[in-house]
Amino acid sequence: MPLDFAAIDFETAGPSAASACSVGVVTVEDGRVVDRVGWLIRPPAGHDVFSEWNIRIHGITPDRVVGAAGWAEQLDDLIAVIGDRPVVAHNARFDMGVVRAACFASGVRTPPLDYFCSLRVARRTYALTSYRLPVAAMAAGFEDFAHHDALADAEACAAIVVHAAARHDAADVPALLDAVGDRLTRLEPHAPQTRVPMAFA
């Protein structure tokens, strides 16, 4: 099985995990990047207030998402880009929490996804003083990217996984996870709910 996966990153409008305002996805096949896509998202109603803190982090302002598709409208496109590949994110708990919360808030079914975390991979591959995305990406030879731009962050995440796989002589995702003592986690489908957890970009 080749090294195939989809690296993903979300930015949020505010502290609500449901407030996704942009996404970046980088698809990798046989250890090589084959596609890079990203777009803005109009956060679900009730989760669409942009905090000054988050705007300072990612630079996305409310006026930029007015004409963007909402979460429910763009979810099929997101799933189509991912395909049947495992998903990876740096601090995957945050990004998978965004998927779950935005689905709940939009009244749509949470898609089933198999995912793993490049932060966990990096911690078990490199000896660093910090494992924040820019530092781990630098260790993987991916430098000078626009941190907190969703697509750039997804590219950095993908670079970490490809580099770590080469370090561990792992031909595919299962072999890489076995080498670092980790495993795929399943994001299970859930029905919508009204209470949405809090998170930060």
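Structure shown above.
To keep things clear, this report deals only with the structure shown in the data block. This one's a predicted model, so the numbers in the text were calculated from it and none came from an experiment. (Residues numbered from 1 in each chain as written. Predicted model: local features only at pLDDT ≥ 70, side-chain atom pairs only at ≥ 80, totals over all residues. Heavy atoms only, no water.)

Considering the sheet that holds strand β4 (residues 87–89)
Then step 1. Taken together, the six strands give an open sheet; going across it, the order is β3-β2-β1-β4-β5-β6, and neighbouring strands pair in mixed fashion. Unpaired on one side and paired on the other, β3 (32–40) and β6 (185–187) mark the two borders of the sheet. Ignoring strand direction, the axes of neighbouring strands in this sheet form an average angle of 30 degrees.
Then step 2. Pairing geometry for strand β1 (residues 5–12) and β4, over two bridges, is parallel. Looking at β4, one finds that Ala7 is bridged to Val88.
Then step 3. Together, β1, β2 (20–29), β3, β4 and β5 (113–117) form the strand contacts of helix α7 (residues 150–167), whose direction differs from that of β2 by roughly 35 degrees. (Pairing = 2+ DSSP bridges. Helix = DSSP H or I, 4+ residues; strand = E, 2+ residues; numbered from the N terminus. Axes fitted to C-alpha atoms, helices over the stretch in contact; angles between N-to-C directions. Contact = heavy atoms within 4.5 Å.)

Points about the side chain of Thr125
Then step 1. With respect to the helices and strands, the residue Thr125 is situated in the loop between α5 (118–123) and α6 (133–139).
Then step 2. Within the structure, the side chain of Thr125 is placed 2.7 Å from the backbone oxygen of Val121, a separation counted as a polar contact.
Then step 3. Apart from residues lying up to four places away in sequence, Thr125 is in contact with Ala164, Arg167, His168 and Val180. (Polar contact = N/O pair within 3.5 Å; in protein donor to acceptor, adjacent residues only side chain to side chain.)

Here's the deal with helix α4 (residues 92–106)
Then step 1. The end-to-end C-alpha separation of α4 is 21 Å, in line with the 21 Å expected for 15 residues at 1.5 Å each.
Then step 2. Counting buried positions along α4 gives eleven out of 15 residues, so the element sits mostly inside the fold.
Then step 3. Every buried residue of α4 is listed here: Ala92, Phe94, Asp95, Met96, Gly97, Val98, Val99, Ala101, Ala102, Cys103 and Phe104.
Then step 4. Turning to α4, the residues buried within the fold contact β1, β2, α3 (71–82), β4, β5 and β6.
Then step 5. Among the residues trailing α4, Gly107 stands out with phi positive, at a value near 75 degrees. (Expected span 1.5 Å × (residues − 1). Buried < 20%, exposed > 50% of the residue type's maximum accessible area, 1.4 Å probe, protein only.)

Considerations on the packing of aromatic side chains
Then step 1. For the structure shown, the criterion picks out three aromatic pairs.
Then step 2. Plain terms: the ring middles of Phe5 and Phe116 are 6.5 Å apart, the flat faces sit at 80 degrees to each other, and that makes the pair edge-to-face. Remark: Phe116 occurs in strand β5 and Phe5 occurs in strand β1; sequence separation between them is 111 residues.
Then step 3. Among the residues examined, Phe116 registers a relative accessible area of 2% and is labelled buried. (Phe/Tyr/Trp six-rings, centres within 6.5 Å; stacked < 30°, edge-to-face > 60°.)

Quick look at α3
Then step 1. With twelve residues, α3 should cover 16 Å at 1.5 Å per step; its first-to-last C-alpha distance of 16 Å lies within 8% of that length.
Then step 2. Within α3, the full set of buried residues consists of Trp71, Gln74, Leu75, Leu78, Val81 and Ile82. All buried residues of α3 fall inside an arc of 130 degrees around its axis, so they share one side. Among the exposed residues of α3, those pointing more than 90 degrees away from its buried face are Glu73, Asp76 and Ala80.
Then step 3. Trailing α3 by a residue or two, Gly83 shows a phi angle of about 65 degrees, which is positive. (Arc of directions from axis to C-beta.)

Quick word on the pattern of salt bridges
Then step 1. Per the counting criterion, the structure on display carries six salt bridges.
Then step 2. Ionic pairing is found between Arg36 and Glu155, a salt bridge with its closest N-O pair at 2.5 Å. Residue Arg36 is found in strand β3, and its partner Glu155 is found in helix α7; the two are separated by 119 residues along the sequence.
Then step 3. Salt-bridge contacts for Arg186 lead to Asp114; the nearest nitrogen and oxygen are separated by 3.2 Å. With Arg186 in strand β6 and Asp114 in strand β5, the pair connects residues that are 72 residues apart, well separated along the chain.
Then step 4. Relative accessible area serves as the criterion here: at 41%, Arg186 is assigned to the partly exposed category.
Then step 5. Accessibility expressed as a relative area gives 30% for Asp114, which makes it partly exposed. (Salt bridge = Lys/Arg side-chain N within 4 Å of Asp/Glu carboxyl O.)

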